[in-house]
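# Topology and contacts: notes
Residue-level listing of the chains:
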Amino acid sequence: MAELNTKPTKKRETFSTGLAVFFATLGSAVGLGNIWKFPYIVGSNGGGAFLLIYFICVIFVGIPVMVCELYIGRKTRSNAVGAFKKLRPGTAWKGIGGMGVAAAFLIMFFYSDVSGWVYSYVFKSITGKLNGVTPNTAKVVFETTSSGAILPIVWQGIVFIVVAAILIAGVKNGIERITKTLLPILFILIIICDIRAFTLPGARDGLKFLYNIDFTKVNGGVILAALGLAFFKLSLGMGTMITYGSYFTEDNNLLHTPIKVALSDVVVSLLAGMAIFPVVFTFKMEPSSGSGLLFTTIPLVFSKLPLGNLLLASFFILTAIAATTAMISLVEVPVAYFSEEKGMSRRNAVIFTVIIMFIFGTLATLSVNSSSFIGNIKILGYGFFDLFDKTSSNILLPIGGLLIAIFVGYFIKKDDLKNELMNNGKLNSAVKFDLFYFIIRYISPILLIIVFLSGLGIIKL
Ligand code: PHE
């Protein structure tokens, strides 16, 4: 262990308080995943039965893996690659961090595209372009927004400029300030949307769809989708929580924060689902209509409401905020890596990262138009957008999570782990630690392996 970081490092920033830690972490978790992905994945995988499986994945895999990542980050105070180098110098474990950096790029390629649609809907709603939309016109607006050749790329570029500006401002002045100010407002706005949705005639059917438990739709692929969603939702398996954990305060309770974050995140997802499905059923739309669901339903909720435009604009502004707080955590993974491992200044690391993300991100954007040249390129049967999405959510994140669970469960000394998670004896959480330790050694890895093999069709559930 003689190599344990003896070279003087630049002073690292940290978050300033427990509340800041909570909001930053929740800001990473809450994102398009809750408002865009969650409703349409639930919609296309059988509603309530899927939800149940999703909760099991969150409790037995998501929360324990988040504890592991936060442990790795805070213990080493390093980026995703550097952290493994400090814990196990000279071994291949740092490859997990490398995979994480790669996953951050893949996710951002398509995430920035969808965020661009959201930003453009903010603009459209403010300028009244969504006034009085009907189910049909809403579809047309969505198609023109997502499948043009120039505008979607311009909006994607704007997204990257905003993200870069926040990250260049730093951990405290950028990430902490943005998340702490804006997340509470997002929460209030979703509740207002729910109240409106509950008073629609299709509310009953919508809620029934969300909570009705129908196991006939469940198969290995559905379970893998639930696990993939849990990882994507909680920003796991790719070093985001390692990187954020490295900015945590010393007194933060690393066993409690993941539980609080996961619970709040599920609440936001359910609130988003409860706002969207009543509209889907009221306007007789297809609940499994895919990634356009959010964009073709939400404008309809508001179109009939007094001050509807104002609310509509606020909804998309807040979705944009959710997307942005998640993106800053995604981009921070390579930024921390490039600045700490490759000696770049923070500013240059941000600029370098977003330029690469933007260039490849345009491939995802242009692939949405199925009649374009790029839209016709298929790799393993997927266009670029779906390829980036599926390989990251369903493959890289669960594999990353599995390796992280094995690393912490079997390659870290139990006493070291316990000491860190109990804040050197300051916390009285020995029982919780034992439970966590059991789950991370015996339950999470086994579940991950089974689900993964069945999703790939290697074993039949
Ligand atoms: N959790 C974010 C969301 O739900 C996405 C994300 C994935 C962020 C992975 C960071 C890392 O939208």
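Residues numbered from 1 in each chain as written. Predicted model: local features only at pLDDT ≥ 70, side-chain atom pairs only at ≥ 80, totals over all residues. Heavy atoms only, no water.

This part takes up the overall build of the protein. Broken down by element type, the protein carries 18 helices and 0 strands. Taking 461 residues into account, the globule formula puts the C-alpha radius of gyration at 23 Å, and the protein, at 21 Å, falls close to it. Summarising its shape, the C-alpha atoms of the protein cover approximately 65 × 45 × 40 Å along the three principal directions. Among the 461 residues that make up the protein, the fraction classed as buried is 60%. Partitioning the contacts of the protein with sequence separation of at least 6, the portion at a separation of at least 24 is 80%. Summing over all exposed atoms, the protein offers an accessible surface of approximately 18200 Å²; the carbon and sulfur share of this is 67%. Taking the 38 positively charged and 22 negatively charged side chains of the protein as two groups, their mean positions are separated by 2 Å. (Helix = DSSP H or I, 4+ residues; strand = E, 2+ residues; numbered from the N terminus. Rg over C-alpha atoms; globule rule 2.2 N^0.38 Å. Buried < 20%, exposed > 50% of the residue type's maximum accessible area, 1.4 Å probe, protein only. Contact = heavy atoms within 4.5 Å. Areas by Shrake-Rupley, 256 points an atom, 1.4 Å probe, with all protein chains shown as cover. Lys, Arg positive; Asp, Glu negative; His and termini not counted. Charge placed at Lys NZ, Arg CZ, Asp CG, Glu CD.)

This brings us to the site of the ligand. Close to the ligand lie 15 residues; Ala 29, Gly 33, Tyr 111, Phe 232 and Lys 233 are nearest. Residue Gly 33 places a main-chain N or O atom 2.8 Å away from an oxygen atom belonging to the ligand. Between the ligand and Phe 232 there is a distance of 2.8 Å, counted from a nitrogen atom to a backbone nitrogen or oxygen. Among the elements of the structure, α1 (18–29), α2 (32–44), α10 (220–233) and α14 (308–341) are those that each provide at least two residues to the shell around the ligand. Residue classes in the shell around the ligand are distributed as 7 nonpolar, 7 polar and 1 charged. (Near = heavy atom within 4 Å. Polar contact = N/O pair within 3.5 Å; in protein donor to acceptor, adjacent residues only side chain to side chain. Nonpolar A, V, L, I, M, F, W, Y, C, P; charged D, E, K, R; others polar.)

Turning next to the packing of helix α8 (residues 171–198) against α14. Axis separation between α8 and α14 bottoms out at 9 Å; the angle between their running directions is 145 degrees. Crossing hand, α8 versus α14: left-handed. Contacts between α8 and α14 involve Val 171, Ile 175, Ile 178, Thr 179, Leu 182, Leu 183, Ile 185, Leu 186, Leu 189, Ile 192 and Cys 193 on the former and, on the latter, Leu 311, Ser 314, Phe 315, Leu 318, Ile 321, Ala 322, Thr 325, Ile 328 and Glu 332. (Axes fitted to C-alpha atoms, helices over the stretch in contact; angles between N-to-C directions. Left-handed = near helix turned anticlockwise from the far one by under 90°.)

This paragraph deals with the environment of Leu 305. Here Leu 305 is to be found in the loop between α13 (293–303) and α14. Judged by relative accessible area, which is 23%, Leu 305 ranks as partly exposed. Expressed as a C-alpha distance, the spacing of Leu 305 and Arg 196, which sit 109 residues apart in the sequence, is 8.4 Å. When near neighbours in sequence (up to four residues on either side) are disregarded, Leu 305 contacts Arg 196 and Leu 311.

These results come straight from atomic positions and should not be treated as a statement about function.
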